[in-house]
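A closer look at the structure
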Amino acid sequence: MSEEMEKQLRKLAITKQLNFLLGSGVSVPAIPLMGKFHDISGKSANEQLLERVQEVSNKLLTKSKCELADKDMYTVLENYQKFIESVVSILNLSNSRQISKNVNIFTTNYDLYIEKATDHILKKYKLVFNDGSSGYFDRYLDSSNYNRMVSYKGLNDNYINEIPSLTLIKPHGSINWEKQDENILIKNEVVDDPVIVKPDGYEASTTFESNHFHEMLRIFQMELDKAQSVLFVIGFSFQDKHIAKMVKRAVQNPELMVYVFGYTDSDRQIYLNNLNFENERFNFKVLTPENFDDEYKNKNIDGDQSEWFSFTLPNLTNILNSTKLEDSKDDKAQ
């Protein structure tokens, strides 16, 4: 069963319109989860989290990869980079006549890990990185830019070859977004007062009060409504009610497949509860360590020598790395 599931995931990745939703768990341990912070004298948990994101993102921008002395920071960057490389490899295998050579990465994180990792990858691969910006010296966020497609054409216009593209959509904002009049300026630095949605329990109202955040979520919904799409979710527990509501609505589309990856086996019930789902559905599956072979999960041992397993982004990356052109043949995956 495990091997069958892993093969199914690879087939979906190469034959469907590929989407990812990455939550805060993906940037752990470099940036701890919100629950790890507690209010202290004169400083709220939100403020501490923001300071940590600013600190990590500053180092990502100002230091080379080998200069990152913080082991956790280096490891997380490596995880992101290998993940994006695996996605690019899948895009290079896919047939653009059947499906667009584009992957959408939605993230509720406002750190700069994806941007930094992609910057490394752009030095090695032909890839279009689309963060929704337009401009040269001053880059402004404009959702209409997400619809772009870039292609090579022959010297005699005798062929057109679509270039793989990675579209980054950040519905909770980014640590390098700065408000300028009614626009959002995307800067190459961490800003003091970033345009972000803070995890304070009011995410839904804050998001919909802002046209920009509302537009990001509208794009998320539109992408999931497309035919022949797949959404892989990792590091996200559906505690953000507005995004959970959108995913619940999206699974009404029978052509959308949603696979949610849980860190531990107990996460399955937590995710279902957060979505108010009694059970999984034919197009909504929660996969936890028990669903995978040993090579695709982590073995952990507690101080009392008790053994347990976890599933993280590197495990998903390893599954995607095994994707071959043969996985696209005889596609009956639904």
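Use the structure listed above.
Keep in mind the model is a prediction, meaning the values are calculated, not measured. (Residues numbered from 1 in each chain as written. Predicted model: local features only at pLDDT ≥ 70, side-chain atom pairs only at ≥ 80, totals over all residues. Heavy atoms only, no water.)

Our next topic: the sheet that holds strand β12 (residues 256–261). Backbone hydrogen bonds are what pair the strands of a sheet, in a parallel or an antiparallel way. Taken together, the seven strands give an open sheet; going across it, the order is β3-β8-β2-β1-β11-β12-β13, and neighbouring strands pair in parallel fashion. Each edge of the sheet is formed by a strand with only one pairing partner; in this case those strands are β3 (128–130) and β13 (284–287). Across the sheet, the axes of successive neighbouring strands diverge by a mean angle of 20°, strand direction being ignored. Where strand β1 (residues 17–22) and strand β11 (residues 229–234) come together, six bridges link them in parallel fashion. Across the sheet, Q17 pairs through a bridge with S229, a residue of β11. Relative to the sheet, helix α1 (residues 2–15) contacts β1, β11, β12 and β13, its axis offset from that of β12 by approximately 130°. (Pairing = 2+ DSSP bridges. Helix = DSSP H or I, 4+ residues; strand = E, 2+ residues; numbered from the N terminus. Axes fitted to C-alpha atoms, helices over the stretch in contact; angles between N-to-C directions. Contact = heavy atoms within 4.5 Å.)

With that settled, the discussion passes to the pattern of salt bridges. Between side chains of opposite charge, a pair can form when the charged atoms approach closely. Counted by the stated rule, this structure contains 17 salt bridges. A salt bridge links E280 to R268, with the nearest nitrogen and oxygen atoms 3.0 Å apart. Separated by twelve residues along the polypeptide, E280 in the loop between α8 (267–274) and β13 and R268 in helix α8 bring together distant segments of the chain. On the basis of relative accessible area, E280 is assigned to the partly exposed category, the value being 30%. One salt-bridge network, in which partners are shared between bridges, spans R52, E55, K59 and D70. (Salt bridge = Lys/Arg side-chain N within 4 Å of Asp/Glu carboxyl O. Buried < 20%, exposed > 50% of the residue type's maximum accessible area, 1.4 Å probe, protein only.)

Within the largest apolar cluster, 57 residues are counted, with the highest numbers of intra-cluster contacts made by F20, Y113, F232, Y259 and F261. Here this core takes ten residues from helix α3 (residues 71–93), the largest share from any one element. Non-local contacts of F20, meaning those with residues more than four positions away in its chain, are made with F83, V87, V103, N104, I105, F106, L231, F232, L316 and L320. (Core = buried A, V, L, I, M, F, W, Y, C linked by side-chain atoms within 4.5 Å.)

Burial runs high along strand β8 (residues 165–169): five of the five residues are buried. Burial along β8 is two-sided: the residues S165, T167 and I169 and L166 and L168 are all buried. When strand β2 (residues 102–107) meets β8, the two strands line up parallel, connected through five bridges. Its bridge partner being in β8, I105 is matched across the sheet by L168. In this sheet, β8 lies alongside β3 in parallel orientation, the contact comprising three bridges. Paired with N130 across the bridge in β8 is T167.

Let us now look at the sheet that holds strand β9 (residues 177–180). The sheet built from four strands is open, its strands ordered β4-β5-β10-β9 with antiparallel pairing. The open sheet has two edge strands, β4 (133–134) and β9, and neither has a second partner. Summarising the sheet, β9 and strand β10 (residues 183–186) pair through four bridges and their orientation is antiparallel. When the sheet's bridge partners are listed, Q180 is paired in β10 with N183.

Summed over the entire model, instances satisfying the criterion amount to two cavities of 30 Å³ or more. The computed volume of the largest cavity comes to approximately 40 Å³. Taken together, A13, I14, K16, Q17, L18, I90, L91, S94, I99, S100 and N102 make up the full set of residues lining the largest cavity. When contributions to the lining of the largest cavity are tallied by element, the ones reaching two or more residues are α1, β1 and α3. In this structure, the second largest cavity encloses a volume near 30 Å³. For the second largest cavity, the full set of lining residues is Y80, T107, N109, D111, Y113, I114, E115 and K170. The element that contributes the greatest number of residues to the lining of the second largest cavity is helix α4 (residues 113–121), accounting for three residues. In terms of residue class, the lining of the second largest cavity is built from three nonpolar, two polar and three charged. (1 Å grid on protein atoms, 1.4 Å probe; cavity = no way out; pocket = protein on both sides within 12 Å on 5 of 7 lines; lining within 4 Å. Points joined across faces, edges and corners; volume = space filled by probe spheres on them. Nonpolar A, V, L, I, M, F, W, Y, C, P; charged D, E, K, R; others polar.)

Moving on, we get to unusual backbone geometry. P29 follows V28 through a cis peptide bond whose omega is 10°. Tracing the backbone shows P29 in the loop between β1 and α2 (45–62). Positive phi is not limited to glycine here, since Q305 has a value of about 70°. Take Q305: it is sitting in the loop between β14 (298–301) and β15 (307–310). The exposure class assigned to Q305 is exposed, which follows from its relative accessible area of 61%.

Everything listed here is a matter of geometry and, on its own, says nothing about what the molecule does.
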